[in-house]
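# Overview (structure and organization)
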Amino acid sequence: MSKMHVKLTVNGKAVEALAEPRTLLIHFLREELGITGPHIGCESSHCGACTVDMGGRSVKACTMFVAQANGAEITTVEGLAAADGTLHPLQEAFREHHGLQCGYCTPGMITRAYRLLQENPSPTEAEVRFGLAGNLCRCTGYQNIVKAVLAAAPVMQAQKEAAE
């Protein structure tokens, strides 16, 4: 199969590469770009470990071809932290509230939670649980994950208001 020229913006950086159109976005990110935050889990979109933010929506990178992402702006868990290495409020909240155990689902959870809080800056516990329903964790009971998202929400809202 012939390769196509792909242009993306990943974590704020312009990227150009040649790729087979049928290459899955998750494999392109990990193998071609060396971005290893999004994980390969079920490869059927059930677990959410591969969740990235693409053009303002959460997508499962294991079921999307790189050709479908051509021209898109993609943010992974690595792209949430500040350029100086300061953790994003969600990353900090997951650390502070122990919203992880093995950590395999954590990048997808954080990336999905980021989009959830963009869509609903002040969610209830039930809304957080519903919003993260497409991301599975096999280690935790989700309680600390939900606590972390709820703790990050006012911090993110305050940062947004300060920037305006």
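Remember, it's a predicted structure, so these values are computed and weren't measured experimentally.

### Notes on helix α6 (residues 143-163)
Between its first and last C-alpha, α6 extends 31 Å over 21 residues, near the 30 Å set by a 1.5 Å rise per residue. Buried within α6 are the following residues: Ile-145, Val-146, Ala-148, Val-149, Ala-152, Ala-153 and Met-156.

### Overview of the pairing of strand β2 (residues 13-19)
Across seven bridges, strand β1 (residues 4-10) lies against β2 in antiparallel orientation. By the bridge assignment, Val-6 is partnered in β2 with Ala-17. The hairpin turn running from β1 into β2, its antiparallel successor, is two residues long, and Asn-11 in that turn takes a positive phi close to 55°.

### Topic: the nonpolar core
Note that soluble globular proteins tend to have their nonpolar side chains buried in a common cluster. If you look at the biggest cluster of nonpolar residues, it comprises 23 residues, and the most contacted ones within it are Leu-8, Val-10, Leu-25, Val-52, Met-54, Ala-69 and Ile-74. With four residues, helix α1 (residues 25-32) is the single largest residue contributor to this core. Of all hydrophobic cores here, the second largest spans 22 residues; its members include Ile-110, Leu-117, Leu-132 and Cys-137.

### Re the packing of helix α3 (residues 89-96) against α6
Running from N to C, α3 and α6 point in directions that differ by 145°, and their axes come no closer than 8 Å. Note that α3 runs across α6; the crossing there is right-handed. Two secondary-structure elements touch here, α3 through Pro-89, Leu-90, Ala-93 and Phe-94 and α6 through Ile-145, Ala-148, Val-149, Ala-151, Ala-152, Val-155, Met-156 and Gln-159. Looking at the contact of α3 with α6 residue by residue, the classes come out as 11 nonpolar, one polar and no charged.

### As for the domain arrangement of the chain
Looking at the chain, the domain boundaries give domain 1 (4-78) and domain 2 (89-163). At the junction of the two partners, domain 1 supplies 19 residues and domain 2 supplies 13 residues. With both chains or domains summed, domain 1 and domain 2 bury close to 1200 Å², and 52% of this area falls on carbon and sulfur atoms. Three residues stand out in domain 1 for area buried against domain 2, namely His-39, Cys-47 and Val-77, and they jointly supply 37% of the buried area on that side. The interface formed by domain 1 and domain 2 holds one salt bridge in total. A salt bridge links Asp-53 to Arg-115; the nearest nitrogen and oxygen atoms lie 2.7 Å apart.

### Quick notes on the sheet that holds strand β4 (residues 57-60)
Spatially, five strands are ordered β2-β1-β5-β3-β4 in an open sheet, and the strand pairing comes out mixed. Looking at strand neighbours, the two that pair on one side only are β2 and β4, the edges of this open sheet. Across the sheet, the mean angle separating the axes of adjacent strands is 40° when strand polarity is ignored. On top of the sheet, helix α4 (residues 106-119) reaches β3 (51-54), β4 and β5 (73-75); it is set at about 35° to β3, its chief contact.

Rules and cut-offs
- Residues numbered from 1 in each chain as written.
- Predicted model: local features only at pLDDT ≥ 70, side-chain atom pairs only at ≥ 80, totals over all residues.
- Heavy atoms only, no water.
- Helix = DSSP H or I, 4+ residues; strand = E, 2+ residues; numbered from the N terminus.
- Expected span 1.5 Å × (residues − 1).
- Buried < 20%, exposed > 50% of the residue type's maximum accessible area, 1.4 Å probe, protein only.
- Pairing = 2+ DSSP bridges.
- Core = buried A, V, L, I, M, F, W, Y, C linked by side-chain atoms within 4.5 Å.
- Axes fitted to C-alpha atoms, helices over the stretch in contact; angles between N-to-C directions.
- Left-handed = near helix turned anticlockwise from the far one by under 90°.
- Contact = heavy atoms within 4.5 Å.
- Nonpolar A, V, L, I, M, F, W, Y, C, P; charged D, E, K, R; others polar.
- Domains from an automatic or database assignment.
- Buried area = accessible area lost by both parts, 1.4 Å probe.
- Salt bridge = Lys/Arg side-chain N within 4 Å of Asp/Glu carboxyl O.

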